[in-house]
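This is what each chain is made of:
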Amino acid sequence: MAKYIVRKSDPLRGQVEISGSKNAVLPIMSAALLTEEKCTILDAPALKDVEIMCRLLEDLGSEVSQDLENNIVEIETKEISTHIASHELVKKMRASILVMGPLLARTGKARIALPGGCAIGDRPVELHFKGLRALGADINVDGAGVVRASADSLKGANIYLDFPSVGATENIIMAASMADGTTIIENAAQEPEIVDLATFLNKMGAKIKGAGTDTIKIEGVSVLRGAKHNVIPDRIEAGTFMVAAAITRGAILIKNVLPDHVKPVIAKLKECGVEVEATDEDVIVRGDVNPLISTDIKTLPYPGFPTDMQSQFMAMLTTAEGSSIVIETVFENRYMHVRELNRMGAHIKTEDRCAIIEGKAKLKGSQVVATDLRAGAAVVLAGLVAEGETEISEIYHIERGYEDFADKIRSLGGKIEKVED
Ligand code: UD1
């Protein structure tokens with residue numbers, strides 16, 4: 001299995017181009033199942049998760065072509081050949097559950113195993129079921145965890161989500177786009193990826209209003225057509241490089257980022273003494289102007305501080321002056337990186353959903369594990385400032401979600417190598 005070897009590096013400097021958003025492209029690819037016509041997705045990042053989604057769609061009957069060089073994915077689904085999603089693929093990626101809404105809308109049936117993905121706590125899908133049931137689907141889960149859903153027809157409904165789940169909001173929007181009548185989702189997720197999905201669906205002919213607010217209204221239509229769409233930049237990749245500038249006390253020009261999407265990250269970096277200047281689609285981050293100081297963070301659904309940035313920030317805070325408190329409210333078990341960072345010499349204590357980070361740690365190179373995607377990014381960032389050499393295993397997690405991560409870091413002067421074990 002491949003590993004990263006990361007060595008203590010000089011401050012990262014230069015410019016980096018952010019790729020299309022992983023969390024936006026996956027639901028958009030799934031939405032392409034809703035039409036017989038060809039959909040063209042531009043700025044699709046070349047990632048393992050995108051490849052898994054390509055295979056999943058092919059299994060369901062789509063013709064898929066992925067141009068890795070030019071970041072284009074084309075999907076044409078003249079016919080759905082099966083409503084059964086391959087267990088093998090579904091267990092590799094949690095976002096596979098997103099084919100459920102489109103399958104139900106197009107064929108009236110869906111069979112899918114409960115999904116896998118990052119091990120960041122119990123990740124139930126009952127809100128997806130609650131929404132799809134409200135639209136008229138009959139859903140049963142057997143003892144082996146296989147979900148069978150069917151619906152003679154889908155009908156618009158009023159749905160209140162107990163928590164603004166991103167995936168549940170996406171599944172419901174996709175199914176409701178082709179339901180009879182109007183659906184209103186209350187307490188909907190407001191993430192930019194929801195807006196991007198709604199924009200794509202509206203290009204296909206859907207009638208969705210309010211995406212990006214907590215109330216989304218969908219008037220069902222009977223047919224959707226093919227569409228062409230550019231995926232939004234990945235705000236979590238952008239945030240990760242912003243933290244890379246701060247933790248290494250460097251200066252990076254981050255290109256292709258929508259500053260509005262990274263507002264909480266910018267605000268928290270500024271609290272830490274980092275200088276951030278945002279223009280239209282670029283952000284300059286300077287960690288070389290002021291000393292890095294501690295801050296407190298509480299993760300929340302958008303527009304709050306993103307849970308997907310928590311581990312990278314924590315890595316940075318271990319090196320800041322003073323103590324910081326982090327509270328993770330979105331996932332109940334998202335502190336697996338704490339053990340790895342402590343192994344590198346950090347001083348972090350956790351109690352339930354709260355972590356206390358003592359600053360000014362002298363990080364030292366160690367053997368650590370990328371326990372999940374974002375935790376993996378955190379140990380890479382820590383490795384860049386740790387004395388000596390950090391060996392990171394299970395890096396396939398990182399490659400699931402960051403396009404050319406090691407190459408981009410190297411282009412900024414970071415010392416990172418991928419080696420085959
Ligand atoms: C998406 C993102 C992921 C991000 C997360 C939160 C994708 C592909 N992944 O994941 O990177 O970390 O949003 O911003 O877009 N929950 C329930 N019941 C449900 C659904 C969710 O209790 O039916 C809980 C989950 O256990 C979790 C929380 O809600 O604690 C957030 O989950 P959700 O917003 O659904 O995240 P995902 O869509 O899985």
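The structure this text deals with has already been given above.
Residues numbered from 1 in each chain as written. Predicted model: local features only at pLDDT ≥ 70, side-chain atom pairs only at ≥ 80, totals over all residues. Heavy atoms only, no water.

Take the packing of aromatic side chains next. For the structure on display, the rule yields three aromatic pairs. Between Phe305 and Phe313, the aromatic rings sit 5.0 Å apart at their centres with planes inclined by 80 degrees, giving edge-to-face as the arrangement. Every member of this aromatic cluster is reached through a ring pair, and the members are Phe241, Tyr402 and Phe405. (Phe/Tyr/Trp six-rings, centres within 6.5 Å; stacked < 30°, edge-to-face > 60°.)

As a matter of local geometry, the ligand sits amid 18 residues, with Leu127, Ser165, Val166, Asp308 and Val330 nearest to it. At 3.0 Å from an oxygen atom of the ligand is found a side-chain nitrogen or oxygen belonging to Asn23. Here an oxygen atom of the ligand and a backbone polar atom of Pro124 are 3.3 Å apart. Relative to its unbound accessible area of 740 Å², the ligand is 86% covered by the protein chains. Counting only elements with at least two residues in the shell around the ligand, the list comes to α5 (126-134) and α6 (166-177). Ranked by residue count, the leading element in the shell around the ligand is α5, at three residues. Shared between two domains, the shell around the ligand takes at least three residues from each, and those domains are domain 1 (2-19 + 233-420) and domain 2 (22-230). (Near = heavy atom within 4 Å. Polar contact = N/O pair within 3.5 Å; in protein donor to acceptor, adjacent residues only side chain to side chain. Areas by Shrake-Rupley, 256 points an atom, 1.4 Å probe, with all protein chains shown as cover. Helix = DSSP H or I, 4+ residues; strand = E, 2+ residues; numbered from the N terminus. Domains from an automatic or database assignment.)

Since the α-helix advances by 3.6 residues per turn, residues separated by three or four positions end up pointing in the same direction. Listed as buried for helix α11 (residues 336-343) are His337, Val338, Glu340 and Leu341. One side of α11 carries all its buried residues, which in axial view fall inside an arc of 170 degrees. Looking at the buried positions of α11, the neighbouring elements they touch are α10 (310-317), β19 (347-351), β21 (367-369) and α12 (373-385). Remark: Gly345 follows α11 within two positions and exhibits a positive phi of approximately 105 degrees. (Buried < 20%, exposed > 50% of the residue type's maximum accessible area, 1.4 Å probe, protein only. Arc of directions from axis to C-beta. Contact = heavy atoms within 4.5 Å.)

With that out of the way, let us pick up helix α1 (residues 22-31). Of all ten residues in α1, nine are buried; the element is thus mostly enclosed. Listed as buried for α1 are Lys22, Ala24, Val25, Leu26, Pro27, Ile28, Met29, Ser30 and Ala31. A side-chain oxygen of the first residue of α1 lies 3.3 Å from the backbone nitrogen of Asn23; this N-cap is Ser21.

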